[in-house]
Structures are given as C-alpha cells and as structure tokens.
Amino acid sequence: MKINKLIIIAGLGLLGVAIFFLFGFYNIAASDKHWKITEWGLAQVRDSSITRASADIVVPDNLDDPQYFVQAAGNYNAMCSSCHLAPNSDAGEQELRTGLYPQPPDFTQALSHDSARMFWVIKHGLKMTGMPAWGASHSDEATWKLVAFIRQLPTLDKKQYSELVAKYGGSHMPGGGHMPGGGHGDTSPHGEAAQGQSHSDGHSKNSPGKAEAMTQGHGSAENHENKATDTPKSKPHGHSAPH
Ligand code: HEC
C-alpha cells in the first residue's frame, strides 16, 4: 500500500516536470538567468568533465617561449577577442560578449588557467555556452599557440598587443594552423591544391596565386599535425612564422 502511494506521487511529479518543460513553461532565454544552485551545478558538471577529459594531455614545454606565443596574436584577435576581450577592445567590440550567458571569461585579466584544460576546451568547445570547438578547423599546434598566447595576454598593453596582431597575421594566413582543405575533413596527403584554394577562398589578403605559392611546401607538415590526437609536439615548427 505504502509503496503504491510512493509510485503515484513520483509519477505525478514526473508528469509535472514533463508538462513544465515540454509545454514551454521553462524560459530558455539567455536574458533569464539560472538559479544560483543551477549555475553552481552546471559549473561542477563542466569542471569535472574537463578535468577527466584533459587528464592525459601532455603540455609542451615551450609555451612561454617568446617566439612561440606571439604567433597566435592574429588568430586570437580574429577568433577569440570578440568574446574573451583584448587589451585594445573598446565598448563597441563588447556587444557580442555582453549578451552571452554564461559570460566568457575576460582573458586580459590574470586568471589561474591550467594549460591542459585550456587546450581541451579550445579544441573541443563547451556545449550550450557558445564556446566553439576550434579543433574542427584548426590543428593541435595552432591550438597550443593560442593557449600560450592567453597565458601572456594579461602582460600585454594595448600597443604591444596591436603590434603583435599586425605582425603575426590571422588564422587564414599560411602557418596560421588552418586544416588543409579548410577544415572540411579533407586530410588527404595530396591536398595541396585544395589547401591553396581554401586559404585563398576570400580569407587571405593575398592574391589567390600568391597564397597558393606560399602554401606549397607546408602541406606535409600540416598533414602530419592533422592526425588530431591530444598529444602535442614539444617543438614549434619553423614554418609557422608568417613571412
Ligand atoms: C562566441 C563567443 C566565444 C568565442 C568566439 C570564443 N569563446 Fe571561449 N568561451 C566562450 C564561453 C561562453 C565560454 C564558457 C564560459 C563558461 O563556461 O562559463 C568559453 C570558455 C573558454 C575557455 C575556458 C575558460 C576557463 O575558464 O577555463 C577557454 C580556454 C576559451 N574559451 C578559449 C577560447 C579561445 C582561444 C577562443 C578563440 C580561438 C575562444 N575561446 C573563442 C565563448 C567564446
């Protein structure tokens, strides 16, 4: 008798939950904040998931090499600064970030970041947050450079940052870390023509011919990096610096 009552109460409870969620009573708006306890719970789930997934990632030992981290300046500026800010962000550039929930962390502030965790998040993204999985279109090498750059970002002032961005082009330059074939899954070792094509597909400031010529010869190294494991290389590649 007692057990039957419990089952009925549990069933009614489930029905209530189903009606609430399936009939539109839950407010999905980003402008409607979670309860504090829900926020806390989601953060726990996120942090434990990242901890487990990134446990075996080996961090390269050259992240603080001044020649290495600077190479991600253009990529960071093009791909990340609209959400994670930059030393030269003005109010207008914060519009995207302001409406995001959860708010992306401000990487111009000194935060305690674990490099392996950052690498994993950048590569795989975070569900239901707006944080993209950049590994879908970028090599592990390019991702480590971003990790290295974020570690140094709080030490850069407006002028230093702008100079680095001007000097070390964007993601669509040769050596910027884009996957051969523009990240559409073309990992064929003979993808040089396609690769030249993708870099000149309206992304590169160079003429198509020049972009193609500049991309030649990087193919084999990039294809190698492309065997996307979470195991990094410890040495940067000489070809990565834009010319
Ligand atoms: C469209 C907005 C958006 C863009 C663009 C974006 N991110 Fe994020 N990022 C987020 C959000 C949102 C979070 C998660 C915040 C949370 O979970 O509380 C996040 C989280 C992260 C984290 C984890 C932070 C931590 O506290 O450990 C890292 C690392 C990161 N992003 C790096 C990057 C990098 C590098 C780029 C550019 C290649 C980038 N993000 C581009 C929105 C963005």
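Note that the structure is a prediction, hence the values are computed from the model and not measured.

## A few points about the overall build of the chain
Moving on, step 1. Of regular secondary structure, the chain possesses 12 helices and 0 strands.
Moving on, step 2. The order of helices and strands in the chain, counted from the N terminus, is α-α-α-α-α-α-α-α-α-α-α-α.
Moving on, step 3. Expressed as a percentage of the 243 residues in the chain, the buried residues total 30%.
Moving on, step 4. A sequence separation of at least 24 residues applies to 68% of the contacts in the chain between residues at least 6 apart.

## Some words on the environment of Glu163
Moving on, step 1. Mapped onto the fold, Glu163 is located in helix H9 (residues 158–167).
Moving on, step 2. For Glu163, a count of 13 C-beta atoms within 10 Å corresponds to the partly exposed category.
Moving on, step 3. Linking Glu163 and Ala73, residues 90 residues apart in sequence, is a C-alpha distance of 9.2 Å.

## Points about the site of the ligand
Moving on, step 1. In the vicinity of the ligand, 22 residues are found, and the nearest of them are Cys80, Cys83, Pro102, Pro104 and Met131.
Moving on, step 2. Contributing elements (two or more residues each) for the shell around the ligand: helix H5 (81–84) and helix H7 (115–124).
Moving on, step 3. Among the elements that make up the shell around the ligand, the one with the highest residue count is H7 (4 residues).

## Quick notes on the nonpolar core
Moving on, step 1. Core analysis: the biggest nonpolar cluster contains 31 residues, and Ala73, Leu146, Val147, Ala148 and Phe149 have the highest contact counts within it.
Moving on, step 2. Mapped by element, the contributors of at least two residues to this core are helix H3 (66–69), helix H4 (73–79), H7, helix H8 (140–152) and H9.
Moving on, step 3. In terms of residue count, the dominant contributor to this core is H8 (7 residues).
Moving on, step 4. Beyond its immediate sequence surroundings of up to four residues, Val147 is in contact with Leu63, Ser115, Met118, Phe119 and Ile122.

## Some thoughts on H8
Moving on, step 1. Its 13 residues give H8 an end-to-end C-alpha distance of 19 Å, which sits within 8% of 18 Å, the value for a rise of 1.5 Å per residue.
Moving on, step 2. Across the 13 residues of H8, 11 count as buried, placing the element largely inside the fold.

## Details of the packing of H7 against H8
Moving on, step 1. As a packed pair, H7 and H8 sit with axes 9 Å apart at the nearest point and diverge in direction by 125 degrees. Here H7 is positioned oblique relative to H8, judged by the angle of their axes. In the crossing of H7 with H8, the sense of the turn from one axis to the other is right-handed. Facing H7, whose interface residues are Ser115, Met118, Phe119, Ile122 and Lys123, H8 presents Thr143, Trp144, Leu146, Val147 and Ile150.
Moving on, step 2. Of the residues contributing to the contact of H7 with H8, the split by class is 7 nonpolar, 2 polar and 1 charged.

## Quick word on the environment of Asp65
Moving on, step 1. Looking at the element boundaries, Asp65 is found in the loop between helix H2 (36–53) and H3.
Moving on, step 2. What makes Asp65 partly exposed here is the crowd of 13 C-beta atoms within 10 Å.
Moving on, step 3. The spacing of Asp65 and Ala148 is 83 residues in sequence and 8.6 Å in space, taken between C-alpha atoms.

## Points about unusual backbone geometry
Moving on, step 1. Across the junction of Tyr101 and Pro102, the peptide omega takes the value 5 degrees, indicating a cis bond.
Moving on, step 2. Within the element layout of this structure, Pro102 appears in the loop between helix H6 (95–98) and H7.
Moving on, step 3. Phi is positive for Leu85, which is not a glycine, with a value near 65 degrees.
Moving on, step 4. Residue placement: Leu85 occurs in the loop between H5 and H6.
Moving on, step 5. For Met128, which is not glycine, the phi dihedral falls at a positive 55 degrees.
Moving on, step 6. By secondary structure assignment, the location of Met128 is in the loop between H7 and H8.

## Points about the confidence of the model for the chain
Moving on, step 1. Within the chain, residue pLDDT values average 77, and 69% of them lie at 70 or more.
Moving on, step 2. Predicted confidence in the chain is weakest over helix H10 (residues 192–200), with a mean pLDDT of 37, and strongest over H7, with 97.
Moving on, step 3. Across residues 181–229 the pLDDT falls below 50, and counting only partners more than four positions away or on other chains, this stretch makes 63 contacts in the model.
Moving on, step 4. pLDDT under 50 marks residues 231–243. Its contacts with residues more than four places away, or in other chains, come to 26 contacts.

## Notes on H7
Moving on, step 1. In terms of burial, H7 is largely enclosed, as 7 of its 10 residues are buried.
Moving on, step 2. Along H7, the positions that sit buried rather than exposed are Ala116, Met118, Phe119, Trp120, Val121, Ile122 and Lys123.
Moving on, step 3. For H7, the elements touching its buried residues are H2 and H8.

Conventions adopted
Residues numbered from 1 in each chain as written. Predicted model: local features only at pLDDT ≥ 70, side-chain atom pairs only at ≥ 80, totals over all residues. Helix = DSSP H or I, 4+ residues; strand = E, 2+ residues; numbered from the N terminus. Buried ≥ 20, exposed ≤ 12 C-beta atoms within 10 Å, placed from the backbone. Contact = placed C-beta atoms within 7 Å. Near = placed C-beta within 6 Å. Core = buried A, V, L, I, M, F, W, Y, C linked by C-beta atoms within 7 Å. Expected span 1.5 Å × (residues − 1). Axes fitted to C-alpha atoms, helices over the stretch in contact; angles between N-to-C directions. Parallel < 35°, antiparallel > 145°, perpendicular 65-115°, else oblique. Left-handed = near helix turned anticlockwise from the far one by under 90°. Nonpolar A, V, L, I, M, F, W, Y, C, P; charged D, E, K, R; others polar. pLDDT = per-residue confidence, 0-100.

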